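If you want the building blocks of each chain, they are given just below.
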Amino acid sequence: MNWNIRLTDNDDFHGWAENNIVELSDGTIAMLIRADSLGGDTVALLHNPNPNHRSPLALWISFDGLKTWPYRRVLVPESSDGPQGRLNYPDGFVSNDGKFLTFAYDDNRHHCVFYRAKLPQAK
């Protein structure tokens, strides 16, 4: 299914640089920031779960269309600069076979770190 979702008629506007839209198996559309659809109702979310600080960096996975997040794994507990440092702007891709998430993030504005995580398979 193709969706024509626009914020404005201005073709020079690129306001969705970090957002992703995921179509679930029932046709529902969900918008997440820094997320990737793994197919069907399985969605991976790479984010900072602490609403007050940009650390840790965690991978959460929902297998039921965003209803629950049973897989929650901290990938990077804190910046290389310690607990006051920030882990910013993670972005990456899921391998073609759906087994790995490869991404990069900004470690406190002075390091670019590449990371590869094995994804759990739905049970």
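Just above sits the structure.
I will try to describe carefully the structure that is included in this document. (Residues numbered from 1 in each chain as written. Predicted model: local features only at pLDDT ≥ 70, side-chain atom pairs only at ≥ 80, totals over all residues. Heavy atoms only, no water.)

Quick look at the overall build of the protein
Here is step 1 of the chain: Helices and strands together make up the secondary structure of the protein, namely 0 helices and 9 strands.
Here is step 2 of the chain: Scanning the protein from its N terminus toward the C terminus, one meets helices and strands in the order β-β-β-β-β-β-β-β-β.
Here is step 3 of the chain: A burial count over the protein gives 35% of its 123 residues as buried.
Here is step 4 of the chain: Of the roughly 8,000 Å² that the protein leaves accessible, carbon and sulfur atoms contribute 50%. (Helix = DSSP H or I, 4+ residues; strand = E, 2+ residues; numbered from the N terminus. Buried < 20%, exposed > 50% of the residue type's maximum accessible area, 1.4 Å probe, protein only. Areas by Shrake-Rupley, 256 points an atom, 1.4 Å probe, with all protein chains shown as cover.)

Some words on the nonpolar core
Here is step 1 of the chain: The biggest cluster of nonpolar side chains holds 15 residues, and the ones touching the most others in it are Leu57, Leu59, Leu75, Leu101 and Phe103.
Here is step 2 of the chain: Counting residues per element, the ones that place at least two in this core are strand S4 (42-47), strand S5 (57-62), strand S6 (71-76), strand S7 (87-94) and strand S8 (100-107).
Here is step 3 of the chain: Ignoring anything within four residues of it in the chain, the contact list for Leu75 reads Leu46, Leu57, Ala58, Leu59, Phe103, Tyr115 and Ala117.
Here is step 4 of the chain: In terms of nonpolar packing, the next biggest core, distinct from the first, is built from 7 residues, Val22, Ala58, Trp60 and Trp69 among them. (Core = buried A, V, L, I, M, F, W, Y, C linked by side-chain atoms within 4.5 Å. Contact = heavy atoms within 4.5 Å.)

Remarks on the pairing of S7
Here is step 1 of the chain: Looking at chain direction, S7 and S8 are connected through 6 bridges and run antiparallel. In the strand pairing of S8, Asn88 is matched with Asp106.
Here is step 2 of the chain: Linkage of S7 to S8, two consecutive antiparallel strands, is achieved through a turn of 5 residues, within which Gly98 is found at a positive phi near 75 degrees. (Pairing = 2+ DSSP bridges.)

Here's the deal with the side chain of Thr42
Here is step 1 of the chain: Summarising the element assignment, Thr42 is placed in strand S4.
Here is step 2 of the chain: Look past the residues within four positions of Thr42 in its chain and what remains in contact with it is Ser37, Ile61, Ser62 and Phe63.

Brief notes about the side chain of Asn88
Here is step 1 of the chain: With respect to the element layout, Asn88 can be found in strand S7.
Here is step 2 of the chain: We classify Asn88 as buried; its relative accessible area is 1%.
Here is step 3 of the chain: A distance of 3.1 Å separates a polar atom in the side chain of Asn88 from a polar atom in the side chain of Arg54. (Polar contact = N/O pair within 3.5 Å; in protein donor to acceptor, adjacent residues only side chain to side chain.)

A few points about the pairing of S5
Here is step 1 of the chain: When you tally the buried positions in S5, you get 6 out of 6 residues, the bulk of the element.
Here is step 2 of the chain: Neither face of S5 is exposed, since Leu57, Leu59 and Ile61 on one face and Ala58, Trp60 and Ser62 on the opposite face are all buried.
Here is step 3 of the chain: Relative to S5, S4 runs antiparallel, the two being bridged by 5 bridges. If you follow Val43 over to S5, its bridge partner there is Ser62.

So, unusual backbone geometry
The phi torsion of most residues other than glycine is negative, and most of the peptide bonds are trans.
Here is step 1 of the chain: Here the amide bond leading from Ser55 into Pro56 is cis, since omega sits at -5 degrees, within 30 degrees of zero.
Here is step 2 of the chain: In this structure, Pro56 sits in the loop between S4 and S5.
Here is step 3 of the chain: Unlike most non-glycine residues, Tyr89 shows phi in positive territory, near 50 degrees.
Here is step 4 of the chain: Turning to its location among the elements, Tyr89 is positioned in strand S7.
Here is step 5 of the chain: One non-glycine residue, Asn108, adopts positive backbone phi at about 55 degrees.
Here is step 6 of the chain: Relative to the helices and strands, Asn108 resides in the loop between S8 and strand S9 (111-118).

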